[in-house]
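The residues making up each chain are set out below.
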Amino acid sequence: MKRVISVAVAALLLTASAACSDPGSTTTTDNSATTWADPTAKLDGVKLTIWAAQNSNTVPQKVIDGFQKATGATVQVVTIPDPYEQGVQTKVATGDKPDLAFWQPTASMLTAINAKTNLQPLTGAPWLDKMDPKLKDLTGLLGDTRYAALITSPAVEGVYYNKQVFAANGITSTPKNFDDMVTLARQLKAKGVTPFYEMGADRWATQWWVQVQLADAAKAGLWDRINTGKEKFTDPTVLGAITRYQSLIKEGLFNSDIKTAKFEDQGAALLNGKTAMVVQVNSFFGQLQAKADTATLNQKIGFFPISPTGNIGTSIPDQSNALVAFKTGDAKREAAARQLLAYWMGPGYQDFITDRNTVSLETAVPNPSGVPQALLDVHAAVGSSVGSMQSLAVANPDLYINLADMIAGTMDPQQVAKATQDQFAQLAKAAGAAGF
Amino acid sequence: MWFLLPAYAVLLLFFFVPTAFNFIYAFTDWSSFKAAINPVGLDNFTQLASDGTLFRALRITVLYAVLVAIFQNLFGFGLAVLLERDTVVNRIARTFFLIPVLMSALAVGYIFQALLKPSGAVDQLFGIHYAWLADTHWTIVVVALIHAWKWMGLSMLIYLAGLKTIPEDITEAARIDGASRWRSFWRIRVPMLAPAVTFNVATALLGSMNGFDIVQATTGGGPARTTEILNIFIYRTFGQGLFAQATTMSLVLFLLVALMAFPVIYVLRKREAIL
C-alpha cells in the first residue's frame, strides 16, 4: 500500500514539475521569409484573438468589422486589465498567447516581451512603402528586425499650453528652447499665473521633464552610451537634467499642490486656465478630449515640442499606437494575423482613421477633417523627434517613481540618479545586454 | 487510505509544488527577457541584500503588520465588549460591523481613497485641508487603520465568542466574593479570553504581513514609497519582468512570516497555560 502511494506521489511530482517548466524554452528558429497573403483573401473558420488594454479595446472595432466581412474570419478582442503590460508579460510567461496584441513598439518593451522568441517578424510588410517615409522606421524595430506595426501617430513628449492664458499675458509666440520657456515661466509667475502643473501623486508624468531636457543628448547618442555602460544616469548629463527639474520646482514655478495632484487635476487645471503649461504626452490630450469638444480645444489648447537647443520633440510610442503578432505555433493563424495587419494598414486604413478621428500615417490616405489642431501639431513634431528613454534604452527603469519621491522630499537628485542606474543595470543584466 | 489520495494530490499540486518552485526559481535568472532559465546560485540574494530597497520594504512590512495587529484587536475587543449583551440593537450593530469584512478589500481601499483625498469628504467634514494619504510620516498609520477597520468585525466576532464561553458561575463567584465589576472584568474575564487573543493577534499580524490589496488601492505604496510593503515591491519587480528576483523576495517574505509566526504563537499559547 505504502509503496503504491509513494509511486503515485512520485508520478504526480514528475508530471507537475514538467507542467511547471518554462513554457518559453522551445525557441523556434525562423529562417523562412515572411509571406503576406492578399488582405481580403478568404479565411472562413479562422478565429483570431487580439489582446487590448482598457484604453485601447475599442480602437480596432471598425477594422474588425471590415475584416470579418471581407474574409469570413472571426476576430475577438480580449481586454487585459490594467496594468496592461504586467498582465500581458505574466500571461506570456505562463505560455498563454493571443494572435495579436497592442504593445508599446519600443526596443525596451520588445525586449521585455522577449520578441525574438515570442513574436512574428513583420519583415517585408506590404504597407511599409505606403507610409510617410519619416515614420516608417521610427519604431517597432529590435535590432534590424521589425516586430511591431505602427497604426497611429506615436505619442510625443512636449508642452501643452493654454492659448488664452498666453494671450491674456501678452505672450504672442511659443518659446524657442528650454531656457526661453523657463524665462517665460518666470514672467508668468510674476503676473500671478502658475506656469507649470505637475502630478506628483500619479507619478508617471514626472519623467517627461527629465526626458525633454535630454533630447539633444539623445540625438548625440546618449542612450547608446548608457546601453553599453559607458555613461550612467549618475553622470552629469542625466543628473543635471534631474537637478534642473528639482530647482524649477523649488523656485516655485509649479503648482503648490504638486505632491498630491493627480492626472485628472492636471487636465482640469490646463483646461480652465489655472495653469499655463503642462509637459505631457498624447494620452493627456485624450483626457482633454473627454472633457471638451474639438472646437473648444482648438480655441484653448496648443502644443509645442521643447528641447535645450530648440523645438525637438521626444517621441514615445505607447501601447495604443502599435500591434505585435505572436508566434502561436499554428501556421494558419499566424498567417491570418499578418493578413489582418495588412488589411488594417491597407484597405481598412481610411475607415480606421476616420472612425478614430486621428492623424493618418500613410501618404495616400488623407486626414479626417475633425482632427484637433493640437494633435496635428503633435504629429508635425514626430518627424523631427528623437527617441525617448523607453524607445532607445535597452531597459525601462522606474525613473518616474524616483522623481516622484524627489518631489515628495525623500530623495535628492543624486539618489534619484543612483537608484535609477542600479535598477537599469539590474534590468539590462537580465535582458542580457553586454557590459552589465 | 485510498480515499485520501485525491486530497493529497490537490495539496501536492497546488501547495507543495508551487512552494518548492518558489524555492527553486529564487536561485535562477528566470525573467521575461529570455526563454532559458539558468541557475545563478545566490546572485539574487546578494543583489537584493546590497540594495537597500529590500530592507526598507521589510521594515515597512513589519511596522505595518504590528500597527494593524494593534488597531484591529483594540477595535475588535472594544466592539465585542460594547455589543456583548444580546439586545436587538446590539444584534443589528454587530451585523453592520461585520459588513466591511465581507466587502472587497479593493473596494474598501478605493472608498477610503476618495474620502481621504485633499479637500475630500473627510476634510470637508472637519473643515481642514490635509492630504491624509500623502504624508510621508503618518500615511502608514492611516492605511493600517483602514486595514484594521475592514477586519475589526472578524476580531469582534471571535472576542464575542470568547466572552460567551466564559462560564457564568465564575463571574458570579467573584461577585459574591466582593469583586467590583471593573475588577472581575480585568482579572477574570480578560485572562479567560487568552485563546481568542492568540487567534486574533496571530491572524492579524501574520495576515497583514501578506497584505497587498488595501495598500495598493489607497496609496499604491506612496507617498515616496513610505507605505511600500514587501508585496507591493514584489508586484512591481514582477511587473518589470524580473520573475526570479520577485520570487526571491517572496521567499524572503515566506521565511520572515515563518520566523515571526513561531515565537509569536509560542508566547501567546504560553499565556493560555493558566487556563
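Residues numbered from 1 in each chain as written. Chains lettered and ligands numbered in written order. Predicted model: local features only at pLDDT ≥ 70, side-chain atom pairs only at ≥ 80, totals over all residues. Heavy atoms only, no water.

Novice: How should the overall build of chain A be read in this particular structure?
Specialist: A tally of regular secondary structure across chain A gives 21 helices and 13 strands. At 24 Å, chain A has a C-alpha radius of gyration in line with the 22 Å of a compact globule built from 436 residues. Overall, chain A is about 85 × 55 × 40 Å in size when its C-alpha atoms are taken along their principal axes. Summarising the internal contacts of chain A: among those between residues at least 6 apart in sequence, 78% fall at separations of at least 24. A total accessible area of about 17,300 Å² is found for chain A, and carbon and sulfur atoms account for 52% of it. Taking the average location of the 37 positive side-chain charges in chain A and that of its 38 negative ones, the two points are 3 Å from each other. (Helix = DSSP H or I, 4+ residues; strand = E, 2+ residues; numbered from the N terminus. Rg over C-alpha atoms; globule rule 2.2 N^0.38 Å. Contact = heavy atoms within 4.5 Å. Areas by Shrake-Rupley, 256 points an atom, 1.4 Å probe, with all protein chains shown as cover. Lys, Arg positive; Asp, Glu negative; His and termini not counted. Charge placed at Lys NZ, Arg CZ, Asp CG, Glu CD.)

Novice: What's the story with the overall build of chain B in this structure? I'm lost.
Specialist: Helices and strands together make up the secondary structure of chain B, namely 13 helices and zero strands. Each helix (α) and strand (β) of chain B, taken in turn from the N terminus, gives the series α-α-α-α-α-α-α-α-α-α-α-α-α. Counting only C-alpha atoms and orienting by the principal axes, one finds that chain B spans roughly 75 × 65 × 35 Å. Within chain B, buried positions represent 48% of all 275 residues. Relative to all contacts within chain B whose residues are 6 or more apart in sequence, the contacts with residues 24 or more apart total 70%. When the accessible surface of chain B is totalled, it reaches about 14,300 Å², and 72% of it is carbon and sulfur. Put simply, chain B has 19 plus and 14 minus side-chain charges, and the middle of one group is 3 Å from the middle of the other. (Buried < 20%, exposed > 50% of the residue type's maximum accessible area, 1.4 Å probe, protein only.)

Novice: How should the sheet that holds strand β1 (residues 47-52) of chain A be read in this particular structure?
Specialist: The strands making up a sheet are joined through hydrogen bonds of the backbone, oriented either antiparallel or parallel. All names here are of chain A. Pairing within the open sheet is mixed, and its five strands lie in the order β2-β1-β3-β12-β6. Looking at the sheet topology across the chains shown, the edges are occupied by β2 (74-79) and β6 (148-150). Averaged over all adjacent pairs, the angle separating strand axes in this sheet is 25 degrees, with direction ignored. As paired elements, strand β3 (residues 100-102) and strand β12 (residues 322-325) share three bridges and run antiparallel to each other. Looking at β12, one finds that Phe102 is bridged to Leu323. Packing of helix α2 (residues 61-71) onto the sheet brings it into contact with β1 and β2, and relative to β2 it is tilted by some 155 degrees. Contacts from helix α3 (residues 84-93) reach β1 and β3 within the one sheet, and its direction differs from that of β1 by about 135 degrees. (Pairing = 2+ DSSP bridges. Axes fitted to C-alpha atoms, helices over the stretch in contact; angles between N-to-C directions.)

Novice: Would you explain the packing of aromatic side chains in this entry?
Specialist: To describe a pair of aromatic rings, you give the distance between the ring centres and the angle between the ring planes. Inspection of every chain in the model, using the stated rule, returns 38 aromatic pairs over all chains. Note on A:Trp36 and A:Trp127: the rings are 5.5 Å apart at their centroids and 85 degrees apart in plane angle, and the pair reads as edge-to-face. Here A:Trp36, found in the loop between α1 (2-20) and β1, pairs with A:Trp127, found in the loop between α5 (115-118) and α6 (133-136); they are 91 residues apart in sequence, far enough to count as distant. Aromatic pair B:Phe15 and B:Phe16: ring centres 5.2 Å apart, planes at 75 degrees, arrangement edge-to-face. Each residue in the set A:Tyr160, A:Trp204, A:Trp208, A:Phe263, A:Phe284, A:Phe285 and A:Phe303 is aromatic and connected to the rest through ring pairs, giving one cluster. (Phe/Tyr/Trp six-rings, centres within 6.5 Å; stacked < 30°, edge-to-face > 60°.)

Novice: Any chance you could explain the interface of chain B and chain A here in plain terms?
Specialist: The parts lose accessible area when they come together, and the size of an interface is often stated as this lost area. Contact with chain B, which involves 36 residues of that partner, is made by 42 residues of chain A. Where chain B touches chain A, the interface holds three salt bridges. A salt bridge links A:Asp405 to B:Arg225, with the shortest nitrogen-to-oxygen separation between them at 2.8 Å. Of all elements in the fold, only α1 (5-25), α2 (43-50), α12 (230-239) and α13 (243-271) of chain B reach the threshold of two or more residues within the side of chain B that touches chain A. Residue composition of the side of chain B that touches chain A, by class: 22 nonpolar, ten polar and four charged. (Salt bridge = Lys/Arg side-chain N within 4 Å of Asp/Glu carboxyl O. Nonpolar A, V, L, I, M, F, W, Y, C, P; charged D, E, K, R; others polar.)

Novice: Mind showing me how you'd approach helix α21 (residues 413-430) of chain A here?
Specialist: Helical periodicity: at 3.6 residues per turn, an α-helix aligns residues three or four positions apart in one direction. Look at α21(A): 26 Å from first C-alpha to last across 18 residues, which is about the 26 Å you get at 1.5 Å a residue. Its buried side turned inward, α21(A) meets α11 (222-227), α12 (236-250) and α20 (399-408) of chain A together with α2 and α13 of chain B. Once α21(A) finishes, A:Gly432 follows within two positions and takes phi at roughly 80 degrees, a positive value. (Expected span 1.5 Å × (residues − 1).)

Novice: Where do I start with the packing of helix α13 (residues 263-271) of chain A against helix α14 (residues 282-291) of chain A in this structure?
Specialist: How two helices sit against one another is set out by the angle between their axes and by the gap between those axes. Residues and elements named next belong to chain A. Where α13 meets α14, the closest approach of the two axes is 10 Å, and the angle between their N-to-C directions is 65 degrees. Between α13 and α14, the angle falls in the class roughly perpendicular. The two elements α13 and α14 cross, and the hand of that crossing is right-handed. Where α13 approaches α14, its residues Phe263, Glu264, Gln266, Gly267, Ala268, Leu270 and Leu271 are matched on the opposing element by Ser283, Phe284, Gln287, Leu288 and Lys291. (Parallel < 35°, antiparallel > 145°, perpendicular 65-115°, else oblique. Left-handed = near helix turned anticlockwise from the far one by under 90°.)

Novice: What is the right way to read the pattern of salt bridges from this model?
Specialist: Here the idea is simple: oppositely charged side chains can pair when their charged atoms come close. Residue and element names in this part refer to chain B. For the coordinates displayed, the defined rule picks out 18 salt bridges over all chains. The partner of Lys164 in a salt bridge is Asp86, with the nearest N and O atoms 3.1 Å apart. In this pair, Lys164 sits in helix α7 (residues 139-164) while Asp86 sits in the loop between α3 (52-82) and α4 (88-102), placing the two residues 78 residues apart along the sequence. Judged by its relative accessible area of 44%, Asp86 falls in the partly exposed class.

Novice: Is there a simple way to think about the domain arrangement of chain A in this case?
Specialist: Residues and elements named next belong to chain A. Segmenting chain A into domains produces domain 1 (35-153 + 318-365) and domain 2 (156-315 + 388-430). The gap between the C-alpha centroids of domain 1 and domain 2 is 30 Å. With both chains or domains summed, domain 1 and domain 2 bury close to 530 Å², and 44% of this area falls on carbon and sulfur atoms. Looking at the side of domain 1 facing domain 2, the largest losses of area belong to Thr106, Ala107 and Ser108, adding up to 51% of the total buried there. (Domains from an automatic or database assignment. Buried area = accessible area lost by both parts, 1.4 Å probe.)

Novice: Got a minute to help me understand a nonpolar patch on the surface in this structure?
Specialist: Residue and element names in this part refer to chain B. Taken together, the side chains of Met1, Phe3, Leu4, Tyr8, Leu11, Phe15 and Phe16 present a nonpolar region at the surface, about 770 Å² in accessible area. Position of Phe16 relative to the elements: it lies in helix α1. Among the residues examined, Phe16 registers a relative accessible area of 44% and is labelled partly exposed. (Patch = residues over 30% accessible without salt bridge, like charges linked within 9 Å, V, L, I, M, F, W, Y side chains within 5 Å.)

Novice: How should the pairing of β1(A) be read in this particular structure?
Specialist: Remark: a regular strand shows side chains that alternate across the two faces of the sheet. All names here are of chain A. For β1 and β2, the ladder comprises six bridges, and the chain directions are parallel. Residue pairing in the sheet places Leu48 in a bridge with Val75 of β2. Taken together, β1, α2 and β2 constitute a β-α-β crossover, and its handedness is right-handed. (Right-handed = clockwise from strand over helix to strand, strands pointing away.)

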